[in-house]
Amino acid sequence: MAHSDKDSQEKQACEEGPGICAMMLTIFSLFLIVISLPLSLFCVVKVVQEYERAVIFRLGHLLTGGARGPGVFFVIPCVDVYEKVDMRSQTYEIPPQEILTKDSVTVFVNAIMYYKVANATNAVANVDDFSGSARLLAATTLRNVLGTLTLGDILCQREAIAKDMKTTLDEGTQPWGVMVERVEVKDVRVPEQLQRAMAAEAEAARNARAKVIAAEGEYNSSRALRQAAEVIMDSPAALQLRYLQTLNSISAENNSTIIFPVPIDIMSIFMKCNQNKTPTKTSPTQGHLFDQFQHSPKQNLTPEIPEPTTAEYNNAPNQVKTMEEESSFRNLIGNQKNALAS
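Residues numbered from 1 in each chain as written. Predicted model: local features only at pLDDT ≥ 70, side-chain atom pairs only at ≥ 80, totals over all residues. Heavy atoms only, no water.

Thoughts on the overall build of the protein
Working step 1: Scanning the protein from N- to C-terminus turns up 13 helices and eight strands.
Working step 2: Buried positions account for 19% of the 342 residues belonging to the protein.
Working step 3: Considering only contacts within the protein whose residues lie at least 6 apart along the sequence, 65% involve residues at least 24 apart.
Working step 4: Carbon and sulfur atoms form 58% of the exposed surface of the protein, whose accessible area is close to 25,800 Å². (Helix = DSSP H or I, 4+ residues; strand = E, 2+ residues; numbered from the N terminus. Buried < 20%, exposed > 50% of the residue type's maximum accessible area, 1.4 Å probe, protein only. Contact = heavy atoms within 4.5 Å. Areas by Shrake-Rupley, 256 points an atom, 1.4 Å probe, with all protein chains shown as cover.)

Notes on the packing of aromatic side chains
Working step 1: As enumerated under the stated definition, the model contains one aromatic pair in all.
Working step 2: The aromatic ring of tyrosine 51 is capped on one face by arginine 88, whose charged end is 4.0 Å from the ring centroid. (Phe/Tyr/Trp six-rings, centres within 6.5 Å; stacked < 30°, edge-to-face > 60°. Lys NZ or Arg CZ within 6 Å of the ring centre and 35° of its normal.)

Concerning the packing of helix 5 (residues 130-146) against helix 7 (residues 158-173)
Working step 1: The N-to-C vectors of helix 5 and helix 7 enclose an angle of 135°; their axes lie 10 Å apart at closest approach. The orientation of helix 5 relative to helix 7 falls into the category oblique. Seen from above, helix 5 lies across helix 7 with right-handed handedness. Seen from helix 5, the contacting residues are Ala134, Leu137, Ala138, Thr141, Leu142, Val145 and Leu146; seen from helix 7, they are Ile161, Asp164, Met165, Thr168, Leu169, Gly172 and Thr173.
Working step 2: A per-class count over the contact of helix 5 with helix 7 returns nine nonpolar, four polar and one charged. (Axes fitted to C-alpha atoms, helices over the stretch in contact; angles between N-to-C directions. Parallel < 35°, antiparallel > 145°, perpendicular 65-115°, else oblique. Left-handed = near helix turned anticlockwise from the far one by under 90°. Nonpolar A, V, L, I, M, F, W, Y, C, P; charged D, E, K, R; others polar.)

Some points on helix 5
Working step 1: Compared with the 24 Å implied by 1.5 Å per residue over 17 residues, the 24 Å span of helix 5 between its first and last C-alpha is a close match.
Working step 2: Considered for burial, the residues of helix 5 that qualify are Phe130, Ser131, Ala134, Ala138, Ala139, Thr141, Leu142, Val145 and Leu146. (Expected span 1.5 Å × (residues − 1).)

A few points about the pattern of salt bridges
Working step 1: Scanning all chains against the criterion turns up seven salt bridges.
Working step 2: The residue aspartate 170 makes a salt bridge to lysine 166 at a minimum N-O spacing of 3.1 Å. In this pair, aspartate 170 and lysine 166 both sit in helix 7, four residues apart, roughly one turn of the helix.
Working step 3: A salt bridge links glutamate 230 to arginine 226; the shortest N-O distance between them is 3.7 Å. Here arginine 226 and glutamate 230 lie together in helix 8 (residues 192-234), a separation of four residues that amounts to about one turn.
Working step 4: Judged by its relative accessible area of 61%, arginine 226 falls in the exposed class. (Salt bridge = Lys/Arg side-chain N within 4 Å of Asp/Glu carboxyl O.)

Here we look at the confidence of the model for the protein
Working step 1: Chain-level statistics for the protein give a pLDDT mean of 76 and a share of 70% at 70 or above.
Working step 2: Long-range and interchain partners of residues 1-15, a stretch whose pLDDT sits below 50, account for zero contacts in this model, where long-range means more than four residues apart.
Working step 3: The model gives residues 292-305 a pLDDT under 50, and that stretch makes six contacts with residues more than four places away or in other chains. (pLDDT = per-residue confidence, 0-100.)

Details of the nonpolar core
Working step 1: With 36 residues, the main nonpolar core has Val85, Val109, Met113, Leu142, Leu146 and Ile161 as its most contacted residues.
Working step 2: Those elements that provide at least two residues to this core are strand 6 (90-100), strand 7 (106-117), helix 4 (120-125), helix 5, helix 6 (151-156), helix 7 and strand 8 (178-189).
Working step 3: Per-element tally for this core: the top contributor is helix 5, with seven residues.
Working step 4: Among all residues touching leucine 142, those that are not within four sequence positions of it are Ile94, Gln97, Ile99, Val109, Asn110, Ala111 and Met165.
Working step 5: Core analysis: the second largest hydrophobic core is formed by six residues, Val48, Ile56, Leu63 and Phe73 among them. (Core = buried A, V, L, I, M, F, W, Y, C linked by side-chain atoms within 4.5 Å.)

A look at a nonpolar patch on the surface
Working step 1: Among the surface-exposed residues, Phe28, Phe31, Leu32 and Ile35 lie close enough to one another that they form a single nonpolar patch of about 430 Å² accessible area.
Working step 2: You can see leucine 32 is positioned in helix 2 (residues 20-35). (Patch = residues over 30% accessible without salt bridge, like charges linked within 9 Å, V, L, I, M, F, W, Y side chains within 5 Å.)

Examining the side chain of asparagine 110
Working step 1: Inspection of the secondary structure puts asparagine 110 in strand 7.
Working step 2: Owing to a relative accessible area of 10%, asparagine 110 belongs among the buried residues under this scheme.
Working step 3: Reaching out from asparagine 110, the side chain makes a polar contact with the backbone nitrogen of aspartate 187 at a distance of 3.1 Å.
Working step 4: Setting aside chain neighbours within four positions, we find asparagine 110 in contact with Glu93, Ile94, Pro95, Pro96, Leu142, Val185, Lys186 and Asp187. (Polar contact = N/O pair within 3.5 Å; in protein donor to acceptor, adjacent residues only side chain to side chain.)

So, the side chain of aspartate 80
Working step 1: Along the chain, aspartate 80 turns up in strand 5 (residues 80-86).
Working step 2: Here aspartate 80 falls in the buried class, since its relative accessible area comes to 11%.
Working step 3: At 2.6 Å, the side chain of aspartate 80 forms a polar contact with the side chain of arginine 58.
Working step 4: Filtering out sequence-adjacent residues up to four positions away, aspartate 80 remains in contact with Ile56, Phe57, Arg58 and Val75.

Observations regarding the pairing of strand 7
Working step 1: In terms of strand pairing, strand 6 meets strand 7 through nine bridges, oriented antiparallel. If you follow leucine 100 over to strand 7, its bridge partner there is threonine 106.
Working step 2: If you look at the hairpin formed by strand 6 and strand 7, you'll find five residues sitting between the two strands, and serine 104 has a positive phi there, around 60°.
Working step 3: Inspection of the sheet shows strand 7 paired to strand 8 by ten bridges, in the antiparallel sense. Following the sheet pairing, methionine 113 is matched in strand 8 by valine 183. (Pairing = 2+ DSSP bridges.)

Shown next as structure tokens:
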């Protein structure tokens, strides 16, 4: 009840018109303007640019009709006070904010806000410094919005973050006559240790995907080779054509190199023959004699065969007399010596 009475009193005070003193001051100022013409025009006539608006207060009261401009407007000296407001879009770079994310990671995030004045009267009458208030609210909103997200969401959902920030800032700055046009997250900086850990994780994931892709390629190639082998098995001529194709590709690079494949079946036959050959076993007596031969001092075990004398040669069978027969006879004796020595 008391609250409603207070509101009604304020409404009546606002609806009250200027008092007698205010009217007398206004009439006196107009009289001075008329007397001092045309010099008073320099103080009465004001101009605002296309991108500006002028909010006029007469004896502390806001004039009806809203802001003036663009163009020419008139003020009464000593009675009216006006303030210009720039209606152009302004840019504010939010300084890096240290934010603790939802998954307990400390990051530094900065953003850019684009805003402008939509209502010049509210921007002057409802807030002391509309620009500074909007900037402080932007920094606080950035911390509040990003504090509810994880690091992965901050890095991947920048557009959604910008939309949430814009909606929140519009609700806060609308009574001040400020409209937020756009908000963009500029940079997200993480600690160096976390960067190295994330890089190692990403590299491990890439290696795992590469191994999976390589394994799938080997699997597909093995199936293709199996189908090719079945086709070649059905037509033996295909193997020969493949051999000629291989020779053609090799001769294109190294003309001096020619490869002749050898079937494995032929090699397996030789391997089986080598396996069937069993080594000869040495008798115990031979082994004992061999050991004695190794440990005995080196002696000349070669039996001495005397050279045949002339008489023996003359008495040899068949009476060998020619030089050829003599050389063959000596070669035979030499071979016998070598056999005994071995």
